[in-house]
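Fold and contact review
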Amino acid sequence: MNTSEFRRRGKEMVDYVANYMEGIEGRQVYPDVEPGYLRPLIPDSAPQEPDTFEDIINDIEKIIMPGVTHWHSPYFFAYFPTASSYPAMLADMLCGAIGCIGFSWAASPACTELETVMMDWLGKMLELPKAFLTENAGEGGGVIQGSASEATLVALLAARTKAIHRLQAASPELTQAAIMEKLVAYSSDQAHSSVERAGLIGGVKLKAIPSDGNFAMRASALQEALERDRAAGLIPFFVVATLGTTTCCSFDNLLEKKKNCNKEDMWLHVDAAYAGSAFICPEFRHLLNGVEVADSFNFNPHKWLLVNFDCSAMWVKKRSDLTGAFRLDPTYLKHSHQDSGLITDYRHWQIPLGRRFRSLKMWFVFRMYGVKGLQAYIRKHVQLSHEFESLVLQDPRFEICAEVTLGLVCFRLKGSNKVNEALLQGINSAKKIHLVPCHLRDKFVLRFAICSRTVESAHVQRAWEHIKELAADVLRAERE
Ligand SMILES: *Cc1c(COP(=O)(O)O)cnc(C)c1O
């Protein structure tokens, strides 16, 4: 493809994308295909002679679209939202064109410097404590990770290294292996599965603290575990608090954590993957109160802040905790400014070496929406979830299973798990809308998450009518 063909095809692709987004409501939200559907539709191996662009474009509707789950359909209410906006898509195109790998400042100064400034902009939108920002030349700073899972893992590995160094400084005879055997991390029993995986990958024990009646981790329950484990000779070193759990969007009590996390030996990481975006609204900012005691904080603008995947924003109070854990300097990556104290080499802040110019997406989105536009977007989603909540509450056959704070409603038919499983099965085989379930304690619960950028009240109303019809079928079948 030469440049003039690129110009033409690029414009066609923009039209295809715009038509896709505009017409997405008319597509069935969840595909009909069976596992293995795709292989028979394409050749066994790559073509020896080139195909044309026309051939490829024609195959999109034939081969790809039949197997796509349309996450941006206004009838998609599953999981949590994943961000999509035109400014972010255009910025991603530019990112592809520049195509730099910004592992160090010298590898592409704009890539590093825009990221640092965007993380400050975003931190200020959330009113993060100054200690997390870079602009005051303090010890903190922000970095874009690929996912919340990565951010949790990076925090756990840094905390692990810090604990090992601290214990070895006190008792030089201790080996790393002897220390690692005793390290324990903690999170709520409602924490995301990526937290448990971070423990598995990091080679340390991770204990689940029983959450309270509101599915929140409380200081007293954590304290009990800490005391028990310390008495047994174990070494507590890391706590993950969740703001906005994946199951039901509950909030661990951060303000209480101060008591648990003695700054000396416990690292507190805050995972607000979904809910974090809402903290740009003053009326939701109180949910972040207590973050000042955390060592690291993370949320995903790629979930709810209109910055397309991937963009997970992580801040630390002490950048040296990361760079101290992960820094290696082979000759081919060194550059003349690296020890000047004036620049950031983000490769020391993350697991991979390579990194894309992801801050462009933030820059485009923040400028084209403005903080007010982003706040309006969050508020609209929260309003729609309350609208759905009140529809559920008006129907005595149903119950709400957890407090509705942001854009997620957990609900179920009053009655057995079996009848709720049948309802979900009915919903997801009709494929007019798409939902996923969760378990809250031993209850099977349906999650209704406001997801699409274009979802309106009418879609929510239609979804509820549809759910009610299917519920009537399920209840009738149960009686028979
Ligand atoms: C979605 C979610 C995650 C995982 O996010 P990734 O960016 O996909 O790793 C982690 N924690 C919580 C609370 C989440 O909701």
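Below, the structure is looked at part by part. Bear in mind the structure is a predicted one, so any value in this text is a computation, not a measurement.

Some details on the overall build of the protein chain
The secondary structure content of the protein chain amounts to 14 helices and eleven strands. A compact globule built from 480 residues should have a C-alpha radius of gyration of about 23 Å, and the protein chain, at 24 Å, falls within 12% of that. Going through the 480 residues of the protein chain one by one, you find that 52% of them count as buried. Pairs at least 24 apart in sequence give 73% of the contacts found in the protein chain among residues at least 6 apart. As displayed, the protein chain has an accessible area near 22,100 Å², and 55% of this comes from carbon and sulfur atoms. Looking at the protein chain, you have 53 positive and 56 negative side-chain charges, and the mean spots of the two groups are 3 Å apart.

Let's talk about the site of the ligand
If you check the shell around the ligand, you find 14 residues, and the closest are Ala 148, Ser 149, Asp 271, Asn 300 and Lys 303. Taking Ser 149, its side chain carries an N or O atom lying 2.4 Å from an oxygen atom of the ligand. Separating an oxygen atom of the ligand from a side-chain N or O atom of His 302 is a distance of 3.5 Å. Look at the ligand: alone it shows 380 Å² of surface, and the protein chains cover 87% of it. Applying the majority rule of atoms within 2 Å of the grid points places the ligand in the largest pocket. Breaking the shell around the ligand down by element, the ones donating at least two residues are helix 5 (148-170) and helix 10 (301-304). Across the shell around the ligand, the residue classes break down as three nonpolar, nine polar and two charged.

Side note on the packing of aromatic side chains
With the rule as written, the count across this model stands at 18 aromatic pairs. Considering the side-chain rings of Phe 297 and Phe 299, the 6.3 Å spacing of their centres and the 40° angle between planes classify their relative orientation as tilted. There is no split in this pair, since Phe 297 and Phe 299 are both buried. Ring centres of Phe 299 and Trp 315 lie 6.1 Å apart, and the angle between their planes is 15°; on these two criteria the pair is classed as stacked. Here the residue Phe 299 occupies a position in strand 6 (residues 296-299), and Trp 315 occupies one in strand 7 (residues 312-316), the gap between them amounting to 16 residues. Comparing Phe 299 with Trp 315 shows no difference in burial state: the two are buried. Through successive ring pairs, a cluster of aromatic residues spans Phe 77, Phe 388, Phe 398, Phe 411, Phe 448 and Trp 464.

As for the pairing of strand 11 (residues 443-449)
For strand 11, a buried count of six out of seven residues is recorded, marking the element as mostly surrounded by other parts of the structure. In terms of strand pairing, strand 10 (residues 436-440) meets strand 11 through five bridges, oriented antiparallel. Within strand 11, the residue paired with Val 436 across the bridge is Arg 447. Counted along the chain from strand 10 to the antiparallel partner strand 11, the turn is two residues long, and its residue Arg 441 has a positive phi close to 55°.

Describing the pattern of salt bridges
For the structure shown, the criterion picks out 27 salt bridges. The partner of Glu 12 in a salt bridge is Arg 8, and the shortest N-O contact between them spans 3.8 Å. Of this pair, Glu 12 and Arg 8 both sit in helix 1 (residues 3-23), four residues apart, roughly one helical turn. When its relative accessible area of 31% is taken as the criterion, Glu 12 is described as partly exposed. A residue is classified by how much of its surface remains accessible, and Arg 8, at 47% relative accessible area, is partly exposed. Between Glu 25 and Arg 462 there is a salt bridge, with the nearest N and O atoms lying 3.8 Å from each other.

Some thoughts on the layout of surface pockets
If you add up the space inside the largest pocket, you get close to 510 Å³. At the level of elements, helix 5, helix 7 (193-202), helix 10 and strand 10 are the ones that each hand at least two residues to the lining of the largest pocket. Here the lining of the largest pocket gets three residues from one element, more than from any other, and that element is strand 10. Split by residue class, the lining of the largest pocket holds 14 nonpolar, 13 polar and four charged.

Things to note about the nonpolar core
Phe 279, Phe 297, Trp 315, Phe 366 and Leu 406 are the most contacted members of the largest nonpolar core, which totals 81 residues. Ignoring sequence-local partners within four residues, the contact set of Leu 406 consists of Cys 249, Phe 251, Tyr 274, Ala 275, Ala 278, Phe 284, Leu 287, Trp 304, Val 382 and Ser 385.

A closer look at unusual backbone geometry
Across the junction of Phe 309 and Asp 310, the peptide omega takes the value 0°, indicating a cis bond. Counting through the fold element by element, Asp 310 comes out in the loop between helix 10 and strand 7. You will see that Tyr 79, though not glycine, has its phi angle at about 50°, which is positive. Within the chain, Lys 431 stands out as a residue other than glycine whose phi angle is a positive 60°. Topologically, Lys 431 is positioned in the loop between helix 13 (417-430) and strand 10. A relative accessible area of 17% places Lys 431 in the buried class.

Analysis parameters
- Residues numbered from 1 in each chain as written.
- Predicted model: local features only at pLDDT ≥ 70, side-chain atom pairs only at ≥ 80, totals over all residues.
- Heavy atoms only, no water.
- Helix = DSSP H or I, 4+ residues; strand = E, 2+ residues; numbered from the N terminus.
- Rg over C-alpha atoms; globule rule 2.2 N^0.38 Å.
- Buried < 20%, exposed > 50% of the residue type's maximum accessible area, 1.4 Å probe, protein only.
- Contact = heavy atoms within 4.5 Å.
- Areas by Shrake-Rupley, 256 points an atom, 1.4 Å probe, with all protein chains shown as cover.
- Lys, Arg positive; Asp, Glu negative; His and termini not counted.
- Charge placed at Lys NZ, Arg CZ, Asp CG, Glu CD.
- Near = heavy atom within 4 Å.
- Polar contact = N/O pair within 3.5 Å; in protein donor to acceptor, adjacent residues only side chain to side chain.
- 1 Å grid on protein atoms, 1.4 Å probe; cavity = no way out; pocket = protein on both sides within 12 Å on 5 of 7 lines; lining within 4 Å.
- Sits in = over half its atoms within 2 Å of the grid points.
- Nonpolar A, V, L, I, M, F, W, Y, C, P; charged D, E, K, R; others polar.
- Phe/Tyr/Trp six-rings, centres within 6.5 Å; stacked < 30°, edge-to-face > 60°.
- Pairing = 2+ DSSP bridges.
- Salt bridge = Lys/Arg side-chain N within 4 Å of Asp/Glu carboxyl O.
- Points joined across faces, edges and corners; volume = space filled by probe spheres on them.
- Core = buried A, V, L, I, M, F, W, Y, C linked by side-chain atoms within 4.5 Å.

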